[in-house]
Amino acid sequence: MAGFLSDLVQYRRLWLMIVVLGIGGTHLSGFQMSVINYTSPYIQKFINETWLERYGSVLPQETLTLLWSFIVSVYCIGGMMGCLCSGYLTAKFGKKKCLLLNDVVLIMATLHTAFSRRAKAFEMILAGRFLEGIAAGIHMNAHVQYAGEISPKKLRGFINVTSTVFFALGKTVARILGLRDLLGTEDMWNVLLSFSGLVALIQLLFLPFFPESPPYLLMQKEDKAGCLKAMKQLWGEGNYHTEFDDLMKEKAMTKGTKIMNVLEVLRERSVYPQLCTMLLLLLSLQLCGLSAITFYTSEIFLTANLPENIIPYVSLGVSISELISIVFCSSIIDRFGRRKLLCGGYSLMALILVLLETSLLLSDQFLWLRYCSVILIFLFIIAYGLGPGCDYCSVHTGSDG
């Protein structure tokens, strides 16, 4: 306990920076993924009304579903584009500048969604979601890398996990604000959809008061004095020559090494083992069913015949369960190891998905199965938080332990 309090005091600026990074990093991605559930009926009604006013005819249900699918999926397309260019941007401009520029893009995106209702143009929602996706692809990668680079070795494993905690926190905040008692109403849906712009503005205002990461200053800018100054600003007064010497050795090893683009990485056989590991992790995370449950939670609960007025509160419970399970996992990850948690988590998730699909198919014949579906969704999210959700970022950043 004494050691924890000592670290809390010594690294107080580091903890503040982690919060600033988190709220403008993976927190925003979690928020944007979940908030679309609460604006779904209002956006679809807005599209219908806009179409009727423009063309004097009712929009066919198939076309409405297609447009809504575009609004949901265009975020993922933008995210993929943001991820592809994030490596180049962070290497060239540094994580700090990259995040600050990204905040400006995100504010522009949320202005599109905020004023779409006044402009009576649902196309502005499409444009805004696309820009938000690009920003998400950049800030998720920059946040995770930045957090790993500014942390001392003894705290690196824990700090890497904070990116996942902020991601889950973003989902929870979206579900809280999406309640009908707050912003989840027909009059306020555009404000709810644009709330992430306010968070980006907070990061834009406060991040300039913190330094760039020490490894970037030393390896990219060759600023030894700036590197040591950044260490002292973040870690408090002390002798950091050991850490500095480690960075110098790493710099010497990577001297003359060219930053490769995607095609060059694919041609380099020496990185195939690491590349295959990362691809396996990424594909398993994307195809595990989490995205479907995140984007279509409300629809799943409606299929389970839950009363519509309690669905937002049940969804909030799902997010809180995920947040708690990820926080708990961060305390046991070093004890059990990442491989065991990953394999155990995915095995449980696969079993739960089979049971969930069975319960949804039979819910009309056996009414009690609708409650089983709700319980299974909670168990699925908890299994994700205890395994893949917590492990992914720490493996992705190559944290120690």
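Residues numbered from 1 in each chain as written. Predicted model: local features only at pLDDT ≥ 70, side-chain atom pairs only at ≥ 80, totals over all residues. Heavy atoms only, no water.

K.L.:
Help me get a handle on the side chain of Asn190, residues and values and all.
P.N.:
Looking at the secondary structure, you find Asn190 in helix α8 (residues 189-193). For Asn190, a relative accessible area of 11% translates into the label buried. Those residues in contact with Asn190 that sit more than four places away from it in its chain are Thr113, Ala114 and Arg117. (Helix = DSSP H or I, 4+ residues; strand = E, 2+ residues; numbered from the N terminus. Buried < 20%, exposed > 50% of the residue type's maximum accessible area, 1.4 Å probe, protein only. Contact = heavy atoms within 4.5 Å.)

K.L.:
Kindly report on the nonpolar core, identifying the contributing residues and their values.
P.N.:
Formed by 28 residues in total, the largest nonpolar core has its most connected members in Leu14, Met17 and Ile150. Broken down by secondary-structure element, the contributors of at least two residues to this core are α2 (12-23), α5 (95-119), α6 (123-150), α7 (153-177), α10 (214-219), α11 (224-235) and α12 (241-254). Ranked by residues supplied to this core, first place goes to α2 with six residues. Contact partners of Leu14, with chain neighbours within four places excluded, come to Ile150, Ser151, Pro152, Leu155, Ile159, Leu234 and Trp235. Within the second largest apolar cluster, 22 residues are counted, among which are Leu59, Leu67, Leu183 and Trp189. (Core = buried A, V, L, I, M, F, W, Y, C linked by side-chain atoms within 4.5 Å.)

K.L.:
I'd like a rundown of the packing of aromatic side chains, residues and numbers included.
P.N.:
Taken as a whole and assessed by the stated rule, the structure comprises three aromatic pairs. Consider the rings of Phe46 and Trp189, whose centres lie 5.5 Å apart with planes at 50°: the pair is tilted. Taken together, the residues Phe46 in helix α3 (residues 26-55) and Trp189 in helix α8 connect sequence positions 143 residues apart. Residue Trp189 is classed as buried on the basis of its relative accessible area, which comes to 2%. Judged by centre distance (4.7 Å) and plane angle (55°), the rings of Trp51 and Tyr55 are tilted. Here the residue Trp51 and the residue Tyr55 both occupy positions in helix α3, the gap between them amounting to four residues, near one helical turn. Note on Trp51: relative accessible area 22%, which makes it partly exposed. A cation sits over an aromatic face here: Lys92 above Phe93, 5.8 Å from the ring centre. (Phe/Tyr/Trp six-rings, centres within 6.5 Å; stacked < 30°, edge-to-face > 60°. Lys NZ or Arg CZ within 6 Å of the ring centre and 35° of its normal.)

K.L.:
For the pattern of salt bridges, give the residues involved together with the corresponding values.
P.N.:
Pairing is possible between side chains that carry opposite charge, provided their charged atoms lie close to one another. Using the criterion set out here, one finds seven salt bridges in the structure. Here Glu186 ties to Lys45 by a salt bridge, and the two come within 2.7 Å at their closest N and O atoms. Pair noted here: Glu186 is in the loop between α7 and α8 and Lys45 is in helix α3, with a separation of 141 residues, a long-range link. Judged by its relative accessible area of 37%, Lys45 falls in the partly exposed class. (Salt bridge = Lys/Arg side-chain N within 4 Å of Asp/Glu carboxyl O.)

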